[in-house]
Amino acid sequence: MNVTICQSCGMPLTTPTQFGTETDGSATREYCIYCYKEGMFQQPNITMEGMIEMCTAILMEEGMDQESARAMLRNQLPFLKRWSPSNPEGKTISAVRNSADSTELHFTDKDQSILTQPVRYVTLPGKRLAGISARTTNAIEMSGQGCIQDLWSRYFSSGHIPAPEAPRYGCYTDYTNGIHGEYTILVGHEVAADETLPAGMNSVELPPATYAVFTSRKGPMAEVVGEAWGAVWGWSNQNERTFTGDFELYDERSMDPAHVQVDIYIAVNQARATTEN
């Protein structure tokens with residue numbers, strides 16, 4: 001599937017009834033039916049900030065707290081197609097945080113499409129990761145009832161973690177239906193193939209794979225991870241994904257929570273890659 005979320009509001013498109021329609025009645029997978037119908041946006045004059053506020057209200061009705069909903073949308077929407085095309089002056093809209101930790105929109109000369117492309121493709125050997133895991137879905141995580149934050153807390157309090165400088169992983173695997181269905185999220189670290197694990201820890205085996213790598217800016221972890229995933233969701237080549245296992249890599253650049261830089265590795269069916277040890 002080329003597009004997995006609405007490129008206007010960010011809603012996951014999980015069934016054909018949610019797809020928007022063109023003027024001839026045919027379905028489009030770029031936008032949801034609530035944003036785009038019969039070839040027209042349903043709120044043609046809405047600003048991105050207006051869309052954020054409208055979607056925040058919807059997420060709050062579904063049980064998500066206001067602050068988390070608004071922060072998630074401000075991280076995600078600037079990367080979506082509706083909000084990132086060049087304006088008549090050849091400039092683009094980007095999100096910039098001010099000292100009050102709010103988000104403002106500014107025009108910049110930098111091509112916004114660069115933000116939604118991988119920085120490189122690499123091929124990695126298989127690896128075994130061990131840690132704390134659970135089954136979840138994107139819908140659950142977006143509702144505010146997710147488990148990922150709790151998994152990180154449980155992992156760091158488990159007493160079975162390596163030295164602080166060892167890389168940590170947030171691994172997504174065992175997908176049932178791409179981003180639409182359940183998947184396993186494991187928070188942990190790399191271990192040897194024959195290593196015996198402590199009680200209560202699980203492991204996943206990632207096969208050798210080629211990955212599209214997205215790298216965040218440096219900043220507070222709560223901001224930059226969401227922004228990096230927004231770049232992944234806004235990426236135009238969703239059809240390259242294989243869902244054999246994706247992961248976030250937290251290495252020495254993640255030691256200071258206020259100045260984190262994270263890489264997200266997305267498994268793809270690509271041949272044009274370099275080999276990374």
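Details of the structure are given in the entry above.
Remember, predicted model here, so these are calculated numbers, not experimental data.

Student: Please provide a residue-by-residue account of the overall build of the chain, values included.
Tutor: When helices and strands are counted, the chain shows five helices and 15 strands. For the chain, with 277 residues in total, the buried portion stands at 47%. Within the chain, contacts between residues separated by at least 24 positions form 63% of all contacts whose residues are at least 6 apart in sequence. Summing over all exposed atoms, the chain offers an accessible surface of approximately 13,700 Å²; the carbon and sulfur share of this is 53%.

Student: Report on the pairing of strand β13 (residues 246–250), specifying residues and quantitative values.
Tutor: Within β13, five of the five residues are buried, leaving the element largely enclosed by the surrounding structure. Taking every second residue as pointing to the same face, both faces of β13 are buried, with Asp246, Glu248 and Tyr250 on one and Phe247 and Leu249 on the other. Here five bridges tie strand β9 (residues 168–173) to β13, and the two strands are oriented antiparallel to one another. Along β13, the bridge assignment pairs Tyr169 with Leu249. In this structure, β13 lies alongside strand β14 (residues 263–268), joined through three bridges in antiparallel fashion. Note that in β14 the partner of Phe247 across the bridge is Tyr265.

Student: Requested: an account of the environment of Leu186, with residues and values cited.
Tutor: Looking at where Leu186 falls in the secondary structure, it is placed in strand β10 (residues 183–191). Look at Leu186 and you get buried, because its relative accessible area is 0%. Separated by 57 residues in sequence, Leu186 and Leu129 place their C-alpha atoms 8.1 Å apart. Residue contacts for Leu186: discarding those within four places in its chain leaves Leu129, Ala130, Gly131, Ile132, Ser133, Tyr169, Gly170, Cys171, Asn202, Ser203 and Val204.

Student: Account for the packing of aromatic side chains, naming residues and giving values.
Tutor: Per the counting criterion, the structure on display carries 15 aromatic pairs. Pairing Tyr169 with Phe247 gives two aromatic rings, centres 5.4 Å apart and planes at 65 degrees, and the pair type is edge-to-face. A residue pair is termed long-range when its members are at least 10 positions apart, and Tyr169 in strand β9 and Phe247 in strand β13 qualify at 78 residues. Take Tyr169: its relative accessible area is 5%, and that puts it in the buried class. Ring geometry for Tyr211 and Phe247: centres 5.3 Å apart, planes at 70 degrees, overall edge-to-face. Here the residue Tyr211 occupies a position in strand β12 (residues 209–215), and Phe247 occupies one in strand β13, the gap between them amounting to 36 residues. The rings of Tyr172, Tyr175, Tyr183, Trp229 and Phe243 are connected pair by pair, giving a single aromatic cluster.

Student: Summarise the packing of helix α1 (residues 48–61) against helix α2 (residues 66–76); cite the residues concerned and give the values.
Tutor: In contact at an axis separation of 9 Å, α1 and α2 are set at 140 degrees when each is read in the N-to-C sense. Considered as vectors, α1 and α2 are oriented oblique to each other. Handedness of the crossing formed by α1 with α2: right-handed. Across from Glu49, Ile52, Glu53, Cys55, Thr56, Leu59 and Met60 in α1, the residues of α2 making contact are Gln66, Ala69, Arg70, Met72, Leu73 and Arg74. Classifying every residue of the contact of α1 with α2 gives seven nonpolar, two polar and four charged.

Analysis parameters
Residues numbered from 1 in each chain as written. Predicted model: local features only at pLDDT ≥ 70, side-chain atom pairs only at ≥ 80, totals over all residues. Heavy atoms only, no water. Helix = DSSP H or I, 4+ residues; strand = E, 2+ residues; numbered from the N terminus. Buried < 20%, exposed > 50% of the residue type's maximum accessible area, 1.4 Å probe, protein only. Contact = heavy atoms within 4.5 Å. Areas by Shrake-Rupley, 256 points an atom, 1.4 Å probe, with all protein chains shown as cover. Pairing = 2+ DSSP bridges. Phe/Tyr/Trp six-rings, centres within 6.5 Å; stacked < 30°, edge-to-face > 60°. Axes fitted to C-alpha atoms, helices over the stretch in contact; angles between N-to-C directions. Parallel < 35°, antiparallel > 145°, perpendicular 65-115°, else oblique. Left-handed = near helix turned anticlockwise from the far one by under 90°. Nonpolar A, V, L, I, M, F, W, Y, C, P; charged D, E, K, R; others polar.

Remember, this is a structural readout, not a statement about activity or role.
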